[in-house]
Amino acid sequence: MNNTHPPEQLEKLRKKIRQHNYRYYVLNDPAISDHDYDQLMLELRRIEAENPQWITPDSPTQRAGAAPADQFEKVRHPAPILSLANAFDAADVYAWLERIAKVDQRALAADFVVEPKLDGLTVVLHYRDGVFVQGTTRGDGEVGEDITANLRTIKALPLRIPVERSDDETLTIPDHLVVRGEAFIRIPDFEAFNRQLEADGKKTYVNPRNTAAGALRQLDSSLTAKRPLTLLVYQIVTWEDAQGVLGARQPATQVETIQYLQSLGFPTPESDYYRTLAEAVAAHSHWSERRANLDYEIDGMVIKINNRQLVVDLGVVGKDPRGAIAFKFPAQEVTTQLLEIGVNVGRTGVLTPYAVLDPVEIGGVTVRQATLHNFDYIFEKDIRVGDRVRVKRAGDVIPYIIGPMPAARRGDECPYVPPETCPACSQPVEHLADEVAWYCVNAACPAQLIRNLEHFVSRGAMDIVGMGIKIVEQLVEAGLLNDVADIYTLRSRSLLTLERFADKKAQNLLEAIRVSKQQPLERLLTALGIRGVGEVVAADLAQHYLDLDALAQSTTEQLESIEGIGPNIAEAIVDWFERPSNQRVLSKLRAAGVWPKAESTDGEGEPHARLEGLIFVATGKLSGFTRQEIKKYIQSHGGRVTGSVSGKTDYLVAGEKAGSKLEKAKSLGVRVIDEQELRRLVDDA
Ligand code: IVH
């Protein structure tokens, strides 16, 4: 860093990071690896930690970490945040045009834009001099709630506009720009998020929209940051600059609005231009066909008059602007009878109830089953066998039961009693005190075996290409696989006796299996499917223990001393290694040569080893690091990071609002330092 003009250099670095962020989260076209991106962020955090006076609110480091709020402040919108009138068929849409043409004849000659109607939450974003300064919910359309800290955590939201690009030199922005968009969660992100919750024994969410709504209303934005929210922006609410509220430079049409928002670096929805209303209406069948393949939920499409001035002149009826209409899809919610409640057994032995329904068509698909999430859900909603229930199917999300219709009860409905034994292996089921899930803990349970194998070979785990669910089932059925280690003793002779297994296929599979032996320790740890051990925990364990032998010897206390591992996961790990059936699997893996060792990155070489032998705990809100980053930082200089303060702790790195750990450190006489002092330890040692 050049000391004479540091902020300029700093701004260059920020610009670079913003561009990469934009490419990753908005364009979906990353130009550098995650690792290189992390390095840039680390560098920026380092500079800002050393020079806190240079931190600006639009710095890429300022996305997470505001102190939790007691409540949301109310904010009056600069202009009403309007709603939309609905149309349910083409006739409704033509009737709309007729109605508005009576108010302004020009509507008859209008051209249109069609956009998907995103099923998320409206957000209103304020930019002053190009910097994101405030964001609110819609509220009642007049007054919303200030959720700025939560919105900042959304990576697709630009903290500064324009997001620097080479071709935007001539772009102008007003002093105060307020835009409107929709915050939501993409379906694959929602499902991955739920899978992780399930693996942790936590309650899963019902659908992406509720999850997004809950995330935006968190008083603690660090929780919002953990939800995979994203954003699309489609409207300019107000444009204020020296030329007045209706400055001549603002986009004159919706087509131009979307182009303009895009060139500022906002993520925008697809937006198609149509010369006539008939053409716009015809787009409805196209969108309803695409709906099932989109990775986000939509509940219709929006037809907008393209000319902004005409929209303004047409005015508003109630809360609906005359210049646009929502052309909805037929309801995705129906009612039917709940015939029975079945129970699935997942990979980790989690029992998940599902509804067997009187078959019913929803949006062109016959639905026979729907998820009931977990047993608590059934009791909370008082869902009884025989009830008439409301079922929803939206986009790609698995159909689910919204709730019963108690008014339709006839008296012969039965409250549900969960099974005491596993439906697949008849062994007793278990329940951990503070988790919602019930588990089958029998490692030999056949239902679990298939799920376990599926997980073991999957992409984030051992990544055995070509070993899909069909083949797993076939191999289990043929008795060739009784546990995951059996994969490594498969021979072509036995594969060739199976149906649909020609020589080539068998060779390819064996080759993929052979290659997977080289997977690093963290992959194998993920693959073993220990409850609570996902990719992140597996990487921490691999780094800490370096091989399975050391991990197998670990106690719950030692495990809990690792940052990010709580008592439940620690217990699950110890429990897993204690089971004789798992020990057998491990010795088979070792015999087959599947026994990776991780290399320590602790104390690598002289310059990195300045914290060698020292044990650290971090607590409170840090300004220059995330938790993961400070851990990496300490480890890369040879130190160890543990989760709780004890007599062995050398330093507690305390940020703002440090609580019980700080008290404990003081009472034990552990040295307490801040981030700056930590850096000094590294630099001066
Ligand atoms: S335009 C005055 N465009 O749908 C303009 N709204 O049912 C009104 N929505 O509250 C909004 N996608 O939150 C517009 N492409 C889109 C939209 C969209 C989703 C939401 C919006 C609104 C609701 C009305």
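For every chain, the first residue of the written sequence is number 1, and numbering continues from 1 along that sequence. Restriction of local features to residues with pLDDT of at least 70 applies here, the model being predicted, together with a cutoff of 80 or more for giving and counting side-chain atom pairs; totals for whole chains, interfaces and linings are based on all residues. Side-chain figures throughout are based on the complete set of non-hydrogen atoms in the structure, without hydrogens or water.

A.B. asks: Would you mind going over the environment of lysine 328 with me for this structure?
C.D. replies: Mapping lysine 328 onto the fold places it in strand E13 (residues 324-328). With a 1.4 Å probe rolled over the protein chains alone, any residue whose accessible area is under 20% of its type maximum counts as buried; one over 50% counts as exposed, and the rest are partly exposed. Of the residues examined, lysine 328 reaches a relative accessible area of 18% and is grouped as buried. Along the chain, lysine 328 and proline 78 lie 250 residues apart, while their C-alpha atoms are 28 Å from each other. Contacts were defined at the residue level, with two residues in contact if any of their heavy atoms lie within 4.5 Å. When sequence neighbours within four positions are dropped, the list of residues in contact with lysine 328 reads Asn86, Ala87, Phe88, Lys117, His284, Asp299 and Gly300. Where helices and strands are cited, they refer to DSSP runs of H or I of at least four residues and of E of at least two residues respectively, numbered from the N terminus.

A.B. asks: Looking at this structure, I do not really get the packing of helix H23 (residues 627-636) against helix H25 (residues 675-684). What am I missing?
C.D. replies: Two measures define how a pair of helices packs: the angle their axes make with one another and the distance between the axes. To define axes, lines are fitted to C-alpha atoms, for helices over the stretch in contact only, and angles between the resulting N-to-C directions are given on a 0 to 180 degree scale. Put simply, H23 and H25 touch, their axes get as near as 11 Å, and they point 20° apart. It follows from the interaxial angle that H23 and H25 lie roughly parallel. As for the relative orientation of H23 and H25, their crossing is left-handed in sense. For the pair H23 and H25, contact is made by Ile630, Tyr633 and Ile634 and by Leu678, Arg679 and Val682, respectively. The nonpolar class holds Ala, Val, Leu, Ile, Met, Phe, Trp, Tyr, Cys and Pro. Asp, Glu, Lys and Arg form the charged class, and all remaining residues, Gly among them, are polar. Of the residues assigned to the contact of H23 with H25, the class counts are five nonpolar, no polar and one charged. Oblique is the label for any angle not under 35 degrees, not over 145, and not in the 65 to 115 range, which are roughly parallel, roughly antiparallel and roughly perpendicular in turn. Note on convention: the crossing is left-handed when the near helix lies turned anticlockwise from the far helix by less than a right angle, right-handed when the turn is clockwise.

A.B. asks: What is the right way to read the sheet that holds strand E3 (residues 112-118) from this model?
C.D. replies: Two orientations exist for strands paired in a sheet by backbone hydrogen bonds: parallel and antiparallel. Spatially, five strands are ordered E2-E13-E10-E3-E9 in an open sheet, and the strand pairing comes out mixed. Taken across any chain shown, the strands that pair with only one partner, and hence form the sheet edges, are strand E2 (85-87) and strand E9 (272-274). Here the strands of the sheet are splayed against their neighbours by 35° on average, with no regard to which way each runs. Only strands joined by at least two bridges in the DSSP assignment are considered to pair. Pairing geometry for E2 and E13, over three bridges, is parallel. Bridging across to E13, alanine 85 finds its partner in isoleucine 325. Running at roughly 160° to strand E10 (residues 298-305), helix H9 (residues 277-291) makes contact with E3, E9, E10 and E13 of the sheet.

A.B. asks: Explain the confidence of the model for the protein chain here, please?
C.D. replies: In regions of low pLDDT, the predicted coordinates are not meant to be interpreted in detail. Here the protein chain averages 89 in pLDDT, and 95% of its residues register 70 or above. Across residues 1-5 the pLDDT falls below 50, and counting only partners more than four positions away or on other chains, this stretch makes five contacts in the model. Every residue gets a pLDDT, meaning the predictor's confidence in that residue, from 0 to 100.

A.B. asks: Any chance you could explain the site of the ligand here in plain terms?
C.D. replies: Taken together, 14 residues lie around the ligand, and Glu115, Thr122, Arg180, Glu182 and Lys304 are the ones closest in. Identification of polar contacts relies on pairs of N or O atoms within 3.5 Å, with a donor-acceptor requirement for protein atoms, meaning one able to donate a hydrogen and the other able to accept it, and with residues adjacent in sequence counted only if both atoms are side-chain atoms. Between a nitrogen atom of the ligand and a main-chain N or O atom of proline 116, the distance comes to 3.2 Å. Measuring from a nitrogen atom of the ligand, one finds a side-chain N or O atom of tyrosine 234 at 3.4 Å. Protein contacts shield 90% of the accessible area of the ligand, which totals 530 Å² for the unbound molecule. Put simply, the parts of the chain that give the shell around the ligand at least two residues each are E3, strand E7 (176-185), strand E8 (229-240) and E10. It is E3 that contributes the most residues to the shell around the ligand, four residues altogether. Looking at the shell around the ligand residue by residue, the classes come out as six nonpolar, three polar and five charged. Each residue is tested against the molecule or strand, and it is near if at least one of its non-hydrogen atoms lies within 4 Å. Per-residue accessibility takes into account occlusion by the displayed protein chains alone, with areas from the Shrake-Rupley method and a 1.4 Å probe.

A.B. asks: When you look at the side chain of threonine 211 in this model, what are you seeing that I'm missing?
C.D. replies: Structurally, the position occupied by threonine 211 is in helix H6 (residues 208-216). Those residues within four positions of threonine 211 in sequence are excluded, and the remaining contacts are Ile185, Phe190, Phe193, Tyr205 and Arg227.

A.B. asks: Explanation requested: unusual backbone geometry in the structure shown.
C.D. replies: Cis geometry is found at the peptide bond from isoleucine 161 to proline 162, where omega equals -10°. Its location among the elements puts proline 162 in the loop between helix H4 (148-152) and E7. One non-glycine residue, arginine 500, lies in the positive phi region at around 60°. Structurally, arginine 500 is set in the loop between helix H14 (492-496) and helix H15 (503-516). Residue classification places arginine 500 among the exposed residues on the basis of a relative accessible area of 57%.

A.B. asks: Honestly, the state of the cysteines in this entry has me stumped. Any pointers?
C.D. replies: Only a pair of cysteine sulfur atoms within 2.5 Å counts as a disulfide in this structure description. This structure, assessed with the given rule, holds zero disulfides. Distance from the sulfur of cysteine 422, which forms no disulfide, to the nearest cysteine sulfur (cysteine 440) is 3.7 Å. Using a relative accessible area of 1% as the deciding quantity, one classes cysteine 422 as buried. Here cysteine 440 stays unpaired: no disulfide links it, and the sulfur of cysteine 425, its closest cysteine neighbor, is 3.6 Å away.

A.B. asks: Whenever I open this one, the pairing of strand E14 (residues 333-345) confuses me. Can you help?
C.D. replies: The side chains of a regular strand alternate, residue by residue, between the two faces of the sheet. Direction of pairing for E14 relative to strand E18 (residues 388-392): antiparallel, over a ladder of five bridges. Residue pairing in the sheet places valine 334 in a bridge with valine 391 of E18. Counted along the chain from E14 to the antiparallel partner strand E15 (residues 351-362), the turn is five residues long, and its residue glycine 349 has a positive phi close to 90°.

A.B. asks: So what exactly am I meant to see when it comes to the environment of alanine 324 here?
C.D. replies: Position of alanine 324 relative to the elements: it lies in strand E13. The class of alanine 324 is buried, set by a relative accessible area of 9%. Here the alpha-carbon distance between alanine 324 and lysine 304, two residues 20 residues apart in the chain, equals 4.3 Å.

A.B. asks: Help me understand the sheet that holds E8, please; the structure alone is not making it clear to me.
C.D. replies: Spatial ordering of the open sheet is given by E5-E4-E7-E8, a layout of four strands whose pairing is antiparallel. With partners counted over all chains shown, the strands left at the sheet margins are strand E5 (131-137) and E8, one partner each. Recorded for the sheet is a direction-independent mean angle of 25° between the axes of neighbouring strands.

A.B. asks: Looking at this model, I keep getting lost on the nonpolar core. Mind explaining?
C.D. replies: Side chains of nonpolar character tend, in soluble globular proteins, to be buried together. Here the nonpolar core consists of buried residues drawn from Ala, Val, Leu, Ile, Met, Phe, Trp, Tyr and Cys, with membership extended through side-chain atoms lying within 4.5 Å. Phe456, Ile464, Met467, Ile487, Tyr488 and Leu541 are the most contacted members of the largest nonpolar core, which has 55 residues in total. Contributions of two or more residues to this core are made by helix H12 (446-457), helix H13 (469-477), H15, helix H16 (521-527), helix H17 (535-545), helix H18 (548-552), helix H20 (567-578) and helix H21 (580-591). Broken down by element, this core gets its largest block of residues, six residues, from H20. For tyrosine 488, the contacting residues outside a window of four places in its chain are Phe456, Met462, Ile464, Ile513, Ser516, Lys517, Leu589, Ala592 and Val594. Formed by 32 residues, the second largest nonpolar core is a distinct cluster that contains Val93, Leu277, Leu310 and Phe327.

A.B. asks: Would you mind showing me how to read H21 here?
C.D. replies: Residues three or four positions apart in an α-helix share a direction because the helix packs 3.6 residues into each turn. By this rule the span expected of a helix is its residue count minus one, scaled by 1.5 Å. Over its twelve residues, H21 runs 16 Å from end to end, which matches the ideal 16 Å to within 8%, given 1.5 Å per residue. All of the buried residues in H21 are Asn582, Val585, Leu586 and Leu589. All buried residues of H21 project into a common sector of 100° when viewed along the axis, lining one side. Within H21, the exposed residues directed more than 90 degrees away from the buried face are Pro580, Arg584 and Ala591. Lining the buried residues of H21 we find H16, H18 and H20. Of the residues flanking the end of H21, it is glycine 593, one or two places downstream, whose phi is positive at about 85°. For this quantity, the arc is that covered by the directions from the helix axis to the C-beta atoms.

A.B. asks: Honestly, the packing of aromatic side chains in this entry has me stumped. Any pointers?
C.D. replies: Two rings from Phe, Tyr or Trp (for Trp, the six-membered ring) form a pair when their centres are within 6.5 Å of each other. A pair whose planes differ by under 30 degrees is stacked, one over 60 is edge-to-face, and the rest are tilted. Here the structure, examined in full by the defined rule, presents twelve aromatic pairs. Ring geometry for tyrosine 127 and phenylalanine 266: centres 5.3 Å apart, planes at 85°, overall edge-to-face. Residue tyrosine 127 is located in strand E4 (residues 121-128), and its partner phenylalanine 266 is located in the loop between helix H8 (254-264) and E9; the two are separated by 139 residues in the primary sequence. Tyrosine 127 gets classed as buried once you look at its relative accessible area, which sits at 1%. Overall, the relative accessible area of 1% leaves phenylalanine 266 in the buried class. Aromatic ring contacts, followed pair by pair, group Tyr127, Phe132 and Phe266 into a single cluster. By definition, being over a ring means that NZ of Lys or CZ of Arg is both within 6 Å of the ring centre and within 35 degrees of the ring normal. Above the face of the tryptophan 595 ring, arginine 590 is positioned so that its terminal group lies 4.1 Å from the ring centre. Directly above the ring of tyrosine 633 sits arginine 679, whose terminal nitrogen or CZ lies 5.3 Å from the centroid.

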